[in-house]
Amino acid sequence: MSSIFTISILQSALELGFIYSLVVLALFISFTILNIADLSTDGCFTLGCAVAATVTLSGHPLLALLCAVGAGVLSGFITAFLQTRMGVESILAGIIVNTGLYTINIAVMGFSSNVNLFKCDTVFTVVRDFIEKHMSQSMFTFLVTDGWYRLIEVAVIVIIIGVILSIFLGTRLGLSIRATGDNAAMVKASSINPKYTITVGLCVSSALTALSGGLLAQYQKSCDINLGTGMVTIALASLIIGETLVGKGTMFRRILGVIFGSCLYRFIVAVAIRVNVPAECLKLVSALIVA
């Protein structure tokens, strides 16, 4: 039992849980708040990963994440445009964008199925170098040698984004987005354009998804064209876990619940791997969790 629950397993699960929690937050906006099934998540995640990896190769790790966010906004805008302006059903619009993104993603990666970042600086190596230069040896040993700096870094990023998202959803525009998911006809009767709120909501959602992909690319120092496959299922499982265990409440509490659900899901997957569940069965594990 002690060999299953180790500090390294918990540490790795939390790191991945925080990174993937951005996708879960994205699904929280589209699926829970806007009541839209956005199936472009898989392709958008890979898009963020591909854009971030490509820009990171040029030596700009921080700019890479910003570019990934920008690419995600464009993906969300196209998905929203198909729904609000072209009259395409939300599920079909997501499928169309997701299908088209496969070609775009592989083109961004230089028509290669994977990109290697092992010789490049990332936001994680930048923080590691800063700790090495400006902190004591004991602090360096704790943060770098023991590997805690990555967990602290992704946790800080996600918590800051969670706070910003909570504040945004409490603004006039944020409340309009929330109201659109509850009753679009009422929002329209209140002189608020639901097409605009849906567009903003999906742009924010896709931006978070792409940012998650960009962080993962720099975290594992690689990008693969099939990296986003099944991301909707993973995010949905994490979302259900978080909302079930934490329940309703203030918006900030719900966001914390989403993040908690993502970390708990990654821990369940880590334990499943530890007890020798075959890798090809992990998708089945995800499906069972959702069920």
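Parameters at a glance
Note that residues are indexed from 1 along each chain, following the sequence as it is written. Totals for whole chains, interfaces and linings use every residue, but because this is a predicted model, local features are given only for residues with pLDDT of at least 70 and side-chain atom pairs only at 80 or more, for both listing and counting. Derived side-chain values reflect all non-hydrogen atoms in the structure, with water molecules and hydrogen atoms excluded from consideration. The secondary structure listing takes helices from DSSP runs of H or I that are at least 4 residues long and strands from runs of E that are at least 2 residues long, numbered from the N terminus. Relative accessibility thresholds used throughout: buried, under 20% of the residue-type maximum; exposed, over 50%; partly exposed, between the two (1.4 Å probe, protein chains only). What makes two residues a contact is simply this: any of their non-hydrogen atoms within 4.5 Å. Every accessible area reported is derived by Shrake-Rupley at a probe size of 1.4 Å, with residue values counting cover from the shown protein chains alone. In summary, the charge assignment counts Lys and Arg as positive and Asp and Glu as negative, without counting His or the chain termini. All charge positions are set by atom: Lys at NZ, Arg at CZ, Asp at CG, Glu at CD. Note on ring pairs: Phe, Tyr and Trp rings are taken, using the six-membered ring of Trp, and paired if centres are within 6.5 Å. Classes follow the plane angle, with under 30 degrees stacked, over 60 edge-to-face and the rest tilted. In this analysis the probe radius is 1.4 Å and the grid spacing 1 Å, with only protein atoms considered; a cavity is a set of points the probe fits into but cannot get out of, a pocket is an open set with protein on both sides within 12 Å along at least five of seven lines, and lining residues have an atom within 4 Å of a point. Grid points are joined across faces, edges and corners, and a volume is the space filled by probe spheres set on the points. Three classes are used: nonpolar for Ala, Val, Leu, Ile, Met, Phe, Trp, Tyr, Cys and Pro, charged for Asp, Glu, Lys and Arg, and polar for all others, with Gly counted as polar. Here the expected length of a helix is defined as 1.5 Å per residue gap, with one fewer gap than residues. The term nonpolar core refers to a set of buried residues drawn from Ala, Val, Leu, Ile, Met, Phe, Trp, Tyr and Cys, joined through side-chain atoms within 4.5 Å. Any Lys or Arg side-chain nitrogen located within 4 Å of an Asp or Glu carboxyl oxygen qualifies as a salt bridge. Exposure above 30% relative accessible area and the lack of any salt bridge qualify a residue for a patch; like charges then connect within 9 Å, and the nonpolar side chains Val, Leu, Ile, Met, Phe, Trp and Tyr within 5 Å.

Draft legend 1. Just the overall build of the chain, in detail. If you tally the helices and strands in the chain, you get 13 helices and two strands. Seen through its principal axes, the chain has C-alpha atoms that stretch 60 × 40 × 40 Å. Looking at the 291 residues of the chain, the share that counts as buried comes to 50%. Restricting the contact set of the chain to residue pairs at least 6 apart, pairs at least 24 apart contribute 79%. Here the chain has roughly 13,700 Å² of accessible surface; of this, 67% comes from carbon and sulfur atoms. Taking the average place of the 16 positive charges on the side chains of the chain and the average place of its 13 negative ones, the gap between the two points comes to 7 Å.

Draft legend 2. Layout of the packing of aromatic side chains. Counting across every chain of the model gives three aromatic pairs. Plain terms: the ring middles of Y20 and F45 are 6.0 Å apart, the flat faces sit at 15° to each other, and that makes the pair stacked. Taken together, the positions of Y20 in helix α1 (residues 7–33) and F45 in helix α2 (residues 41–57) put the pair 25 residues apart, joining distant regions of the chain. You'll find Y20 and F45 in the same group, each marked buried.

Draft legend 3. A look at empty space enclosed by the protein. Summed over the entire model, instances satisfying the criterion amount to one cavity of 30 Å³ or more. Reported here for the largest cavity is a volume of approximately 40 Å³. Every residue along the wall of the largest cavity is listed here: V158, I159, G162, V163, F252, I255, L256 and I259. Of the residues contributing to the lining of the largest cavity, the split by class is seven nonpolar, one polar and no charged.

Draft legend 4. Region of interest: helix α5 (residues 123–134). Helix length check: α5, at 12 residues, gives a terminal C-alpha distance of 17 Å against a target of 16 Å (1.5 Å per residue), a fit within 8%. Within the sequence span of α5, burial applies to V123, F124, T125 and I131.

Draft legend 5. The nonpolar core, seen in detail. Counting 45 residues, the largest nonpolar core has F18, L22, F28 and L208 as its most contacted members. The greatest single-element share of this core, amounting to 13 residues, is contributed by α1. For F18, the residues in contact, after removing those within four places along its chain, are L151, V154, A155, V158, I259 and C263. In terms of nonpolar packing, the next biggest core, distinct from the first, is built from 13 residues, L47, V55, A93 and L101 among them.

Draft legend 6. Region of the structure containing the pattern of salt bridges. Applying the stated criterion across every chain, the model contains one salt bridge. Here E15 makes a salt bridge to R150, at a shortest N to O gap of 3.9 Å. In this pair, E15 sits in helix α1 while R150 sits in helix α7 (residues 148–168), placing the two residues 135 residues apart along the sequence. R150 gets classed as partly exposed once you look at its relative accessible area, which sits at 26%.

Draft legend 7. Up close: the environment of A270. Positionally, A270 belongs in helix α12 (residues 251–274). Accessibility expressed as a relative area gives 18% for A270, which makes it buried. On a C-alpha basis, the gap between A270 and A13 in space is 6.4 Å, while along the polypeptide they are 257 residues apart. Residues within four places of A270 in sequence aside, it is in contact with I9 and A13.

Draft legend 8. Molecular detail of the side chain of R266. Checked against the element boundaries, R266 lands in helix α12. Despite being buried, R266 has no salt bridge partner; E15 is the closest side chain of opposite charge, sitting 11 Å away. Leave out the neighbours within four places in its chain, and R266 touches A13, L16, G17, Y20 and I234.

Draft legend 9. Inspection of the environment of S191 at higher detail. Summarising the element assignment, S191 is placed in the loop between α9 (184–189) and α10 (194–220). With relative accessibility at 74%, the residue S191 sits in the exposed group. Each C-alpha atom of the pair S191 and I95 lies 31 Å from the other, and the pair is 96 residues apart in sequence.

Draft legend 10. Representation of unusual backbone geometry in the model. If you check the backbone angles, F111 has positive phi at about 55° while not being a glycine. The exposure class assigned to F111 is exposed, which follows from its relative accessible area of 65%. Of note in this structure, S191 is not a glycine but carries a positive phi near 65°.

Draft legend 11. View of a nonpolar patch on the surface. On the surface, a cluster of nonpolar side chains totalling about 420 Å² of accessible area is made up of I159, V163, I167, F252 and L256. Where the nonpolar patch is concerned, the elements lending two or more residues are α7 and α12. Of the residues forming the nonpolar patch, the biggest block, three residues, is contributed by α7. Mapped onto the fold, F252 is located in helix α12.

Note that every value here comes from positions in space, so none of it alone points to a role or purpose.
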